[in-house]
Amino acid sequence: MLRNRRKVRIETERMVLRPPVHADYREWTSLRQSSMDFLTRWEPSWSADHLSRRSFTNRVYWAQRSITGGSAVPLFLTRRDDEALLGAITLDNIRRGPSLSGTLGYWIGEGHARQGYMREAISAVVHYAFHRLDLSRIEAACLPENTPSRRLLESCGFKYEGVAQSYLQIDGRWRTHVLYAALRMDRRGRTDAG
């Protein structure tokens, strides 16, 4: 089982989702830098060394440890035809026992947004989580005003579940989030709440 966890690679129609490697540093830095204004209003504040090689190296080692330990599956989205880095998706906080759940987080470079890449990635990761990791519940949260992210989650089968007050620090302040979840055996109906 441990050996299989180290070999995480998910292929979709247009992309390969795979863990980050040290050689991704320049492309990752370039994509994050060029998309800074697009990303920072939805993310925790970037540390002063966010784009440094050392910070990226720590990110790669964390990804390796997380996959091996079964606590998270951090993946980069790369386009099949030219291997361009598009963004990232992470299934984190993987919980076993009676919970069998995980939390989904994602980002995409500004130039690749609204082209269906993240929808494809979310669908693939949710399928992987349900069928390879045997999870039962995938959770996601976003800011209430982030309409594109809410629509994305809903189009991938996530359903609105409620509101979490002061859920995460985003762009330097505690922000309330709307909560969504996808269930492996979902019998919930559609709701217009939230």
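To be clear, the structure that these remarks concern was listed above.
These lines cover the structure that appears in this document, whether it is placed above or below. Only a predicted model underlies this, so the values are computations on that prediction, with no experimental measurement involved.

### Remarks on the nonpolar core
Stage number 1. Residues Leu 17, Ile 89, Leu 91, Ile 122 and Phe 158 are the most contacted members of the largest nonpolar core, which totals 51 residues.
Stage number 2. No other element matches helix H5 (residues 117-131), which puts ten residues into this core.
Stage number 3. Residues within four places of Leu 91 in sequence aside, it is in contact with Ser 71, Ala 72, Val 73, Gly 102, Thr 103, Val 125, Ala 129, Leu 133, Leu 135 and Ile 138.

### Considerations on the packing of H5 against helix H6 (residues 147-155)
Stage number 1. Direction vectors running N to C along H5 and H6 enclose 45°, while the axes themselves pass 10 Å from each other. Classed by the angle they form, the pair H5 and H6 counts as oblique. For the crossing formed where H5 meets H6, the hand is right-handed. The residues of H6 that touch H5, namely those facing Met 118, Arg 119 and Ile 122, are Leu 152, Leu 153 and Ser 155.
Stage number 2. A class-by-class count of the residues in the contact of H5 with H6 yields four nonpolar, one polar and one charged.

### Looking at the environment of Arg 32
Stage number 1. Looking at the element boundaries, Arg 32 is found in helix H2 (residues 25-34).
Stage number 2. In this structure Arg 32 touches Leu 39, Glu 43, Trp 46, His 50, Leu 51 and Trp 107, once residues within four positions along its chain are discounted.

### Here we look at the pattern of salt bridges
Stage number 1. Applying the stated criterion across every chain yields a total of twelve salt bridges.
Stage number 2. Salt bridges linked by common partners bring Arg 95, Arg 137, Glu 139 and Glu 161 together as one network.

### Some points on the side chain of His 112
Stage number 1. Secondary-structure assignment places His 112 in the loop between strand S5 (101-108) and H5.
Stage number 2. Judged by its relative accessible area of 15%, His 112 falls in the buried class.

### Here's the deal with the side chain of Ser 149
Stage number 1. Along the chain, Ser 149 falls in helix H6.
Stage number 2. Setting aside residues up to four positions removed in sequence, Ser 149 forms contacts with Tyr 106 and Cys 142.

Reading the values: the criteria
Counting restarts for each chain: residues are numbered from 1 in the order of the written sequence. Confidence filtering applies because this is a predicted model: local features only for residues at pLDDT of at least 70, side-chain atom pairs given and counted only at 80 or more, and all residues used for totals across whole chains, interfaces and linings. Each side-chain value is derived from all of the structure's non-hydrogen atoms; neither hydrogens nor water enter the calculation. Buried Ala, Val, Leu, Ile, Met, Phe, Trp, Tyr and Cys residues that are joined via side-chain atoms within 4.5 Å together make up what is termed a nonpolar core. For each residue, the accessible area found with a 1.4 Å probe, counting protein chains only, is set against the maximum for its type, and the residue is called buried under 20%, exposed over 50%, and partly exposed in between. Labels follow the DSSP assignment, with helices taken as runs of H or I lasting at least four residues and strands as runs of E lasting at least two, numbered in each case from the N terminus. Note on contacts: a residue pair is in contact if any heavy atoms of the two residues lie within 4.5 Å. Every axis corresponds to a line fitted to the C-alpha atoms, with the helix fit spanning only the stretch in contact, and the corresponding angles, defined between N-to-C directions, vary from 0 to 180 degrees. Orientation labels follow simple angle bins: below 35 degrees gives roughly parallel, above 145 gives roughly antiparallel, 65 to 115 gives roughly perpendicular, and whatever is left gives oblique. Crossing chirality is assigned from the near helix's rotation relative to the far helix, an anticlockwise turn below a right angle marking it left-handed and a clockwise turn marking it right-handed. Under the grouping applied here, Gly and all other residues not named as nonpolar or charged are polar, the nonpolar ones being Ala, Val, Leu, Ile, Met, Phe, Trp, Tyr, Cys and Pro and the charged ones Asp, Glu, Lys and Arg. When a carboxyl oxygen of Asp or Glu is within 4 Å of a side-chain nitrogen of Lys or Arg, the pair counts as a salt bridge.

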